[in-house]
Amino acid sequence: MGAVSVGSQFPQRIKLTSMTRIGLFIPCYIDQLYPHVAMATVEVLERCGVEVYFPTAQTCCGQPMANTGCTNETRPLAWKFFETFRDYDYVVCPSGSCVAMVRHHYDEYLDGTPGFIDLKEKTFELCEFLTDVLKVEGLGGRFPYRVGLHQSCHGLRELRLGRASELAGPSYSKARTLLELIGDLEITTLERADECCGFGGTFAMSEEAVSCLMGRDRIRDHLQAGTEVLTAVDMSCLMHLSGLIVRDKHPIRVMHVAEILAGRDPAIVSLPQEPMSNEKS
Amino acid sequence: MASLPVVNHARNAAEFIGDEKEVRRHDRALWFMRANRDIAVQSLPKWELLREKASQIKSHCMSRLADYLEQFQDNATELGVRVHWARDASEHNEIVYGILSERNVRKVVKSKSMLTEECHLNPYLEEHGIEVIDTDLGERIVQLRNEPPSHIVMPAVHLGREQIGATFHEHLGSEAGASDPNYLTDVACRHLRDKFLGAEAGITGVNFAIADTGGIVVCTNEGNADLGTSLPKIHVACMGIEKLIPRLRDLSVFQRLLARSTTGQPITVYSSHFHGPVPGGELHVVLVDNGRSRILGSNDFRRSLHCIRCSACLNTCPVFRRSGGYSYGSTISGPIGSTLSPSRDAGQFRTLPFACSLCGSCSDVCPVKIDLHSQLLVWRREIALRRLLPLSKRLAMKLASFVLRHTWLYETVGKVLRWSSRTLPRWLIYNRLNVWGRQRELPPIPAQSFRDLYKGSHDRPKRDS
C-alpha cells in the first residue's frame, strides 16, 4: 500500500497521516461517460496533497433504483457499496447526488449494520471534502471566464453544500467558495439562484416535456446572465443541460466543477459534439 | 367503488406545455409569488425558528387529535356553535344540505374552501336546487367557466386576463375584448354584491380552529368571507379535522407563517375570528374526516396533515409551474397534492409521486416543515410494492440492478454500449424510442471508461480492489 503523500501546499492543514486511506467513489455514469471528470477529480485531490485509491469493485450506488421505488433492486447495491468502501478512512466523490444517496437514503438498507454510521460520516462530495476536511484556502491558477454555477439540488438541499434560497439565514456555497479561489474567474448572477435543471434521473425520460422545459429555462437564465462556462457539482445535471445546449447551439461550454478546479482549458475539454444538421428538432 | 382512470401527469403536462406563451406566463406568475415570499422571509428574523415551532405544534396536536377535537367541540358548543361530524365527503354534503334545506335556504354564498371542493359540495347542492355562488374572485371565475380551481390559493392562475375578460363578457355582460384587471374586478364586484345581498346563508372554509376557545379563524384577502357571513344569519363553516390548533396563542405562530408563505404579505388582509353565532343567527361547524384519520395512522405520511394550505410548495415547484394544476387530476395539486392524493387512491394517482425531479424545494419552502419530497420518495416505494409501476420500469430496474451487482458484467456492458454508441449511425441511435434524444444530444461517448484509462496510462490512483 502506497504512502499518502502530503503535499507541500497545505501540509499543516491536513489532519491526515500516512496511514489515511481515501477511497475514490466515481459514479457509474462518470466512469463510463465522463472519464475526464474523474481524472480531474484525482488531479485536484493530488494537487491538494492527498493520494486516493480507486477500488475497482465499485459500480453504482443504486440511486436510479431507489428513486424509482425499487428497494429490492437497491439493497444489494447498497451492500456492495458498503463492502467496497467500509475500510477506507474517507470516501470522496465528484457528485452531490450520489453522496446524498449514501448519506441520507442508505438507512433503509443498512441501518444497524456495524460501520454504517461511520460510512455515512466519512463519505464526502468533492467540494465539501476540499472546504471542510482539507480546508483548502488556495488553489492557484486562473480561469478568465464568466462562470455560471448551477446549484445541483441534492448537493444543495440534501448535503447543504450551500444555503438554499428558500431558507432564511446567511448565504454560503462551498462550490462558489472554491471557484472564487481561482484567479480571474467571474461568477455570473442568475435571476433564479437555484432552480432545478429538470434532470431528476428517470424523470428526464418519464416527464420529458417538463424536464426539457425546465432545462431550457435554466439555460435562458444563464444566457441572460452572460455565462460562458456552465458548471455544477453534479455531472448528471450537466449531461441534461449540455444535451439541450448542444442541440440548441448555444455558446455555452459545460464543465464539471472538478475540471475548473483542476485548471482545465474550456476550449479543449468537454468539447460539445455537433449535432448533425438533418437531426435538429 | 370502481377505480377512476389513471391520471397520466406526463401526458397532461406535455399538453399544457404545448402553449409556450401560456406556460411561461403561468411560470412567471407563480415565481413572482415565490420571489415575494423570499423577500418577506428574509426580512423576518427567526423565520426558521417559527417553522420549527409550527411543525412541533402540529406534531403535538396530531398526536392527540381526538382529545383536542372533543375539547374544541365542548368549547364551541358552549359558545352556541352547532358542531357536526362527517366521516366522508357524502356525509359532509348531506349535513350541509340538511342544514340548508331545513331552513328553506335556496341561495348561498360561499367563500374559498378547498374542503368543499374535495367533497364536491357545489354540484351536490345544485342538484338539490340550491344556488351556490363562489365569492372569491378567482373561484367565481372558474365557477363561471365550470372548471375546478387549478391552484389552492389562486384558483384561476391558469387563465390570462384576456380569457377572464371573455368569460365575463359571456356570463356577466362586460364589454367585449375588455381585459383591464381594474375594470374586470369592478364588474365582478357589482355582480357579487347582488349575490351577497340576496344570500340566505354563507358557507366558508376554516383556516384554523382553536381547541381551547372553540373559535374558528377564516383568512381572506378580499373580505368575501366576512360579507358572506355578516349579511345572512346562517353561517356554515366546513373544515378538515387537521385544521385544529391547541391554543389561541399558537395562532400567532401560524398567522406569521401563512400569508408570508403564500404572497409575501405579513398577514392576510382579513383574518376573522368567529366565536359563536351572530345575535339571532346560527353558526354550524362541520368537522370532516374523509380519509384524514387513515393518513394520521400512517407513520410515513402523517406529517402531510400539518399542511396549512399556503400553496408555497405549488408556487416553488418547478414541475407545477410548468404543468399546471389540472395535470394532477386532483383537487389539491402540486407537491402536497401528490403526497395526499395517492392516500385516497394509489392506483389512480400512481404517476403523481413521479411528477417530481426530487429537487427538494418544496420541503425547504414549507412553513410547517413537511418533508414533502421525502414523502414522495416513500410513495414511489409504496407504488412499487403494490406492483403499480409500469412493467417497462420494473424490468429495466431489475436488469440494471443485476448488471450493477457484478463488476465484470458492468464493465462488459459498459464497453459494449459505448462501442455501439460510437459505431452505430446517428439515425439508428436517435430513433423514435430514444426519449432522451428527442430534444437533447447524448454526450460524446469516450472510447475508454475511467477505469480503463487509469489502468492504462495513468498509474494513479492506486488500483485497490
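Comments concerning the overall build of chain B
Across its full length, chain B carries 23 helices and eleven strands. For chain B, the spread of C-alpha atoms along the principal axes amounts to about 90 × 55 × 50 Å. Sorting the 465 residues of chain B into buried and exposed places 47% on the buried side. Partitioning the intrachain contacts of chain B with sequence separation of at least 6 by distance along the chain shows that 74% fall at a separation of at least 24.

Concerning the overall build of chain A
A tally of helices and strands in chain A yields 14 helices and eight strands. Within the span of chain A, comprising 281 residues, buried residues form 56% of the whole. Contacts in chain A between residues at least 24 apart in sequence constitute 77% of all its contacts with a sequence separation of at least 6.

Remarks on the environment of Ser327(B)
All names here are of chain B. Of note, Ser327 is situated in the loop between helix 15 (318-323) and helix 16 (334-344). A sequence separation of 25 residues divides Ser327 from Leu352, and the C-alpha atoms of the two residues are 9.3 Å apart. Leaving out residues up to four positions away in the same chain, Ser327 has contacts with His9, Asn12, Ala13 and Phe16.

Comments concerning the interface of chain A and chain B
On the chain B side, the residues contacting the 69 residues of chain A number 65 residues. Broken down by element, the side of chain A that touches chain B gets its largest block of residues, seven residues, from helix 13 (residues 235-248) of chain A. In terms of residue class, the side of chain A that touches chain B is built from 39 nonpolar, 18 polar and twelve charged.

Re the confidence of the model for chain B
Summarising the model, chain B shows a mean pLDDT of 95, and 97% of its residues fall at 70 or more. This prediction of the complex comes with two scores: 0.94 for pTM and 0.94 for ipTM.

Some remarks on the sheet that holds strand 7 (residues 229-232) of chain A
All names here are of chain A. Pairing is parallel across the open sheet formed by four strands, whose spatial order is 6-5-7-8. The open sheet has two edge strands with one neighbour each: strand 6 (186-187) and strand 8 (253-256). Relative to strand 8, helix 13 is tilted by about 170°, and along the sheet it contacts strand 5 (146-150), strand 7 and strand 8.

Some points on the packing of helix 4 (residues 71-85) of chain A against helix 19 (residues 391-405) of chain B
Running from amino to carboxyl end, helix 4 of chain A crosses helix 19 of chain B at an angle of 20°, the nearest separation of the two axes being 9 Å. If you check the angle between helix 4 of chain A and helix 19 of chain B, you find them roughly parallel. Helix-helix and strand crossings are classified by hand; for helix 4 of chain A and helix 19 of chain B the assignment is left-handed. For the pair helix 4 of chain A and helix 19 of chain B, contact is made by Glu73(A), Pro76(A), Leu77(A) and Lys80(A) and by Met397(B), Lys398(B), Ser401(B), Leu404(B) and Arg405(B), respectively. Per-class residue counts for the contact of helix 4 of chain A with helix 19 of chain B are four nonpolar, one polar and four charged.

Notes on the domain arrangement of chain A
All names here are of chain A. Domain annotation of chain A identifies domain 1 (11-133) and domain 2 (146-279). Its C-alpha centre places domain 1 at a distance of 22 Å from the equivalent point of domain 2. Mapped onto the side of domain 1 that touches domain 2, the elements with two or more residues apiece are helix 1 (28-33), helix 2 (35-47), helix 3 (63-68), helix 5 (96-105) and helix 8 (126-133).

Topic: the sheet that holds strand 10 (residues 282-288) of chain B
All names here are of chain B. Strand order in the open sheet formed by six strands is 1-10-7-4-2-3, with parallel pairing between adjacent strands. Each edge of the open sheet is held by one strand with a lone partner, namely strand 1 (82-86) and strand 3 (131-134). Pairwise comparison of adjacent strand axes, ignoring direction, gives a mean angle of 20° for this sheet. Sheet analysis places strand 2 (residues 107-110) next to strand 3, joined by four bridges and oriented parallel. Residue pairing across strands places Val109 opposite Ile133, the latter belonging to strand 3.

Regarding helix 12 (residues 251-262) of chain B
Residue and element names in this part refer to chain B. Helix length check: helix 12, at twelve residues, gives a terminal C-alpha distance of 17 Å against a target of 16 Å (1.5 Å per residue), a fit within 8%. For helix 12, a buried count of ten out of twelve residues is recorded, marking the element as mostly surrounded by other parts of the structure. All of the buried residues in helix 12 are Leu251, Val253, Phe254, Arg256, Leu257, Leu258, Ala259, Arg260, Ser261 and Thr262. Downstream of helix 12 by one or two residues, Gly264 has phi in the positive range, about 90°.

Remarks on the domain arrangement of chain B
One can read the domain layout of chain B as domain 1 (64-290) and domain 2 (391-456). Placing the centre of domain 1 of chain B and that of domain 2 of chain B at their C-alpha centroids yields a distance of 55 Å.

Thoughts on the pairing of strand 3 (residues 90-93) of chain A
Side-chain direction in a regular strand flips from residue to residue, so the side chains alternate between the two faces of the sheet. Residues and elements named next belong to chain A. Neither face of strand 3 is exposed, since Tyr90 and Val92 on one face and Val91 and Cys93 on the opposite face are all buried. Looking at chain direction, strand 3 and strand 4 (residues 123-125) are connected through three bridges and run parallel. Of the residues in strand 4, the one forming a bridge with Cys93 is Glu125.

Some remarks on helix 10 (residues 181-198) of chain B
All names here are of chain B. Here helix 10 is 18 residues long and its end C-alpha atoms lie 26 Å apart, about the 26 Å a rise of 1.5 Å per residue gives. Those residues of helix 10 lying buried are Leu184, Ala188 and Leu192. Buried residues in helix 10 make contact with helix 8 (137-144) and helix 9 (161-172).

Some points on the confidence of the model for chain A
Low pLDDT means the predicted atomic positions in that stretch should not be read closely. Per-residue confidence for chain A averages 90 on the pLDDT scale, and 89% of its residues sit at or above 70. Of the regions scoring below 50 in pLDDT, residues 270-281 of chain A engages in 20 contacts with residues more than four places distant in sequence or in other chains.

Remarks on unusual backbone geometry
Residues other than glycine predominantly adopt negative phi, and peptide bonds predominantly adopt the trans conformation. Residues and elements named next belong to chain B. Notably, Lys46 is not glycine yet its phi reads approximately 65°, a positive angle. Structurally, the position occupied by Lys46 is in the loop between helix 2 (20-42) and helix 3 (47-63). Taking the number of C-beta atoms within 10 Å as the measure of exposure, Lys46 has 11 and is therefore exposed. A positive phi angle, near 55°, is found at Arg309, a position not held by glycine. Structurally, Arg309 can be placed in the loop between helix 13 (292-296) and helix 14 (312-316). Here Arg309 falls in the buried class, since 21 other C-beta atoms lie within 10 Å of it.

Quick notes on the packing of helix 16 of chain B against helix 18 (residues 372-385) of chain B
Residues and elements named next belong to chain B. Between helix 16 and helix 18, the shortest axis-to-axis distance is 9 Å and the interhelical angle comes to 35°. For the pair helix 16 and helix 18, the crossing hand works out as left-handed. For the pair helix 16 and helix 18, contact is made by Pro335, Ile336, Ser338, Thr339 and Pro342 and by Leu372, Gln375, Leu376 and Trp379, respectively. Residue composition of the contact of helix 16 with helix 18, grouped by class: six nonpolar, three polar and no charged.

Some remarks on the environment of Gly201(A)
All names here are of chain A. Along the chain, Gly201 turns up in the loop between strand 6 and helix 11 (203-206). Sequence spacing of Gly201 and Cys127 is 74 residues, and the spatial spacing of their C-alpha atoms is 22 Å. Setting aside anything within four residues of it in sequence, one finds Gly201 in contact with Gln63, Pro64 and Asn67.

What counts as what
Residues numbered from 1 in each chain as written. Chains lettered and ligands numbered in written order. Predicted model: local features only at pLDDT ≥ 70, side-chain atom pairs only at ≥ 80, totals over all residues. Helix = DSSP H or I, 4+ residues; strand = E, 2+ residues; numbered from the N terminus. Buried ≥ 20, exposed ≤ 12 C-beta atoms within 10 Å, placed from the backbone. Contact = placed C-beta atoms within 7 Å. Nonpolar A, V, L, I, M, F, W, Y, C, P; charged D, E, K, R; others polar. pLDDT = per-residue confidence, 0-100. Pairing = 2+ DSSP bridges. Axes fitted to C-alpha atoms, helices over the stretch in contact; angles between N-to-C directions. Parallel < 35°, antiparallel > 145°, perpendicular 65-115°, else oblique. Left-handed = near helix turned anticlockwise from the far one by under 90°. Domains from an automatic or database assignment. Expected span 1.5 Å × (residues − 1).

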